[in-house]
Amino acid sequence: MLPSPLHADGGPDRSWPRANWRALSLTLAGIVATSAGHYLTPPEFLLWHGIFQRMYYVPVVFAAIAFGWRGGLAAAAVSGVCYIPHIVTTWSGMEHYAMEQYAEILMFLVVGAVTGILSDRERRRRVELQRTADQLSRVYRELQNTFEQVKRADRLSAIGQLAAGLAHEIRNPLASIDGAAEVLQAGAEAEVKSETLRIIRQECLRLNRLLTSLLDFARPRRPEWREVNLREVLDSVVELVSHSARTGIRFEAQAPEVPPNFVCDREQLAQVIMNLAINAAQAMPQGGTVRLSIQDNQDGVLIEVSDEGVGVPPEHLDRIFDPFFTTKETGTGLGLSVVHQIVSQHGGNVTARRNPDRGMTFSVFFPQTVGVYPWASRVS
Ligand code: ADP
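K.L.:
Please explain empty space enclosed by the protein as it appears in this structure.
P.N.:
Rolled over the atoms, a probe sized like a water molecule indicates the empty space that remains. Tallying each qualifying case throughout the model produces 1 cavity of 30 Å³ or more. Within this model, the largest cavity holds a volume of roughly 30 Å³. Around the largest cavity, the lining residues are Glu-169, Pro-173, Arg-206, Leu-207, Leu-210, Thr-330, Gly-331 and Thr-332. Put simply, the parts of the chain that give the lining of the largest cavity at least two residues each are helix H4 (95-185) and helix H5 (190-218). If you tally residues by element for the lining of the largest cavity, the top one is H5, at 3 residues.

Encoded structure:
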């Protein structure tokens, strides 16, 4: 009996599918039709006999492909069995020609077996590939599930961190206001009263600043894409921060002579540079120089802000972009988070590194916008 093809799990499939019955019928029909050609064609039509002889290869190869080496051998054997009586009855007088026919039958067997072996190997490979693809898609589904879980856990932990940071930031000014209210309630002298009111106002301002930063961070507006002149933005930020900076702080800005016109949100870009410049100035209590530079290249624009300040201790480096991480007395810990958020919205990235001698360098990379925003253009 002809073997059934391998099932997807590697074992033989007990139920014979319709396709197998069809393949078996076609094989047998091919053998019967070829044999009929032999038996019904008179011996003098030698050319036709030569054609029929080779036509046996068609059902043999077909069976080998459909059923493997056993199918190929079985079809070759059946062809031989059908062919031999014709050789015996018709060609016994031509011994040499008859021997050729027997040799051809041997070739049927060889071709059936070899084609079948190759087809079996191919089928096994297909089954293996299918199994690997199934495994891969299972692993992919599992990975996706795990990724979703991690994302959910990450979101929850981010909300927790945010709430904890916020509570901490609000508690300090609240405690000051509460203390000040107590002083006022106790009926303080006019001088103490005015100082206490100043503290209350100062803490209210601090709370207001915190809430403004928090809103910037929590509800960032969508960037309004426009062509901006980077040099002009840089200069205006430098002018603004140098007014409010302590004496002893110098700002140096470097930008290409021909300013690159770049597509981004002008206000947000200015806020990024400003936050970095303010941090740099605040990191230099003894004074020093803040260097701001813009480099334009094929891939995008690199903005760097470096200072000569105290620098970020290595153990804090991977926390400075976390919301509410601050080492300053009156800091909100949201400046760098806002920078990170804006830069990400622009498809860029921001990194911080300690300078070899002293201070920090913050690098912001904005990618080339052409192609990312098809409607945006960039003139350089
Ligand atoms: P904030 O300025 O309100 O503290 P930021 O998010 O802007 O919040 O900064 C977080 C922390 O990162 C700062 O408290 C400070 O410790 C550190 N940091 C940021 N920039 C610098 C810098 N240029 N030099 C040293 N430390 C810095």
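K.L.:
Just to check I follow, could you spell out the pattern of salt bridges for this structure?
P.N.:
Pairs can form between side chains of opposite charge once their charged atoms are near each other. Per the stated rule, a full pass over the model turns up 12 salt bridges. Of the charged contacts, one joins Arg-54 and Glu-104 as a salt bridge, the two residues approaching to 3.8 Å between their closest N and O atoms. Residue Arg-54 is located in helix H2 (residues 46-55), and its partner Glu-104 is located in helix H4; the two are separated by 50 residues in the primary sequence. Overall, Arg-54 belongs to the partly exposed group, its relative accessible area being 47%. Notably, a salt bridge pairs Glu-195 with Arg-198, separated by 2.9 Å at the nearest N-O pair. Residue Glu-195 and its partner Arg-198 are both found in helix H5; the two are separated by 3 residues, about one turn of the helix.

K.L.:
How should I be thinking about the packing of aromatic side chains in this particular structure?
P.N.:
The description of an aromatic ring pair uses the distance of the two centres, along with the angle that the planes make with each other. This model, assessed by the stated rule, comprises 7 aromatic pairs. Both rings, one in Trp-48 and one in Phe-52, keep their centres 5.9 Å apart while their planes meet at 35 degrees; by these two values the pair is tilted. Placement of the pair is Trp-48 and Phe-52 together in helix H2, with a separation of 4 residues, close to one helical turn. On the basis of an interplanar angle of 70 degrees and a centroid distance of 4.7 Å, the ring pair of Trp-91 and Tyr-97 is categorised as edge-to-face. The exposure classification of Trp-91 matches that of Tyr-97, with both residues buried.

K.L.:
Please explain the packing of H2 against helix H3 (residues 57-91) as it appears in this structure.
P.N.:
When two helices pack together, their arrangement is given by the angle between the helix axes and the distance between those axes. Axis separation between H2 and H3 bottoms out at 9 Å; the angle between their running directions is 145 degrees. On the side of H2, the interface is formed by Leu-46, His-49, Gln-53, Arg-54 and Met-55, while H3 contributes Tyr-57, Val-58, Pro-59, Tyr-83, His-86 and Trp-91.

K.L.:
What am I meant to see in the site of the ligand here?
P.N.:
Looking at the ligand, there are 19 residues lining it, with Asn-279, Thr-326, Thr-327, Lys-328 and Leu-336 nearest. Between the ligand and Thr-326, the relevant distance is 2.6 Å, taken from an oxygen atom to a side-chain nitrogen or oxygen of the residue. Separating an oxygen atom of the ligand from a backbone N or O atom of Thr-332 is a distance of 2.9 Å. Considering the ligand on its own, with 530 Å² of exposed area, one finds that the protein chains cover 93% of that surface. Looking at the shell around the ligand, the elements with two or more residues in it are helix H7 (266-282), helix H8 (335-345) and strand E7 (360-367). Residues of the shell around the ligand, tallied by class, amount to 9 nonpolar, 8 polar and 2 charged.

K.L.:
Before we go on, may I ask you to explain the layout of surface pockets in this structure?
P.N.:
What the largest pocket holds in volume is close to 880 Å³. Together, 33 residues line the largest pocket, and Asn-279, Gln-282, Thr-326, Lys-328 and Gly-335 are the ones closest to its centre. Counting only elements with at least two residues in the lining of the largest pocket, the list comes to H5, H7, H8 and E7. In terms of residue count, H7 provides more of the lining of the largest pocket than any other element does, 7 residues in total. Counted by class, the lining of the largest pocket contains 14 nonpolar, 15 polar and 4 charged residues.

K.L.:
Can you walk me through H7 in this structure?
P.N.:
Because an α-helix packs 3.6 residues into every turn, residues spaced three or four apart end up facing the same way. Over its 17 residues, H7 extends 24 Å from the first C-alpha to the last, a length consistent with the 24 Å expected when each residue adds 1.5 Å. All buried positions along H7 are accounted for by Gln-268, Leu-269, Ala-270, Val-272, Ile-273, Asn-275, Leu-276, Ala-277, Ala-280 and Ala-281. Two or three places before Glu-267, at the start of H7, stands the capping residue Asp-265, its side-chain oxygen 3.1 Å from that residue's backbone nitrogen.

K.L.:
Help me understand the sheet that holds strand E2 (residues 249-254) in this model?
P.N.:
Taking strand neighbours across the sheet as the criterion, the 5 strands line up as E2-E4-E5-E7-E6 in an open arrangement whose pairing is mixed. Of all the strands in the sheet, just E2 and strand E6 (349-354) have a single pairing partner and so form its edges. Strand-to-strand twist of the sheet, defined as the mean angle between neighbouring strand axes without regard to direction, takes the value 15 degrees. Pairing between E2 and strand E4 (residues 288-296): 6 bridges, direction parallel.

Rules used in this analysis
- Residues numbered from 1 in each chain as written.
- Predicted model: local features only at pLDDT ≥ 70, side-chain atom pairs only at ≥ 80, totals over all residues.
- Heavy atoms only, no water.
- 1 Å grid on protein atoms, 1.4 Å probe; cavity = no way out; pocket = protein on both sides within 12 Å on 5 of 7 lines; lining within 4 Å.
- Points joined across faces, edges and corners; volume = space filled by probe spheres on them.
- Helix = DSSP H or I, 4+ residues; strand = E, 2+ residues; numbered from the N terminus.
- Salt bridge = Lys/Arg side-chain N within 4 Å of Asp/Glu carboxyl O.
- Buried < 20%, exposed > 50% of the residue type's maximum accessible area, 1.4 Å probe, protein only.
- Phe/Tyr/Trp six-rings, centres within 6.5 Å; stacked < 30°, edge-to-face > 60°.
- Axes fitted to C-alpha atoms, helices over the stretch in contact; angles between N-to-C directions.
- Contact = heavy atoms within 4.5 Å.
- Near = heavy atom within 4 Å.
- Polar contact = N/O pair within 3.5 Å; in protein donor to acceptor, adjacent residues only side chain to side chain.
- Areas by Shrake-Rupley, 256 points an atom, 1.4 Å probe, with all protein chains shown as cover.
- Nonpolar A, V, L, I, M, F, W, Y, C, P; charged D, E, K, R; others polar.
- Expected span 1.5 Å × (residues − 1).
- Pairing = 2+ DSSP bridges.

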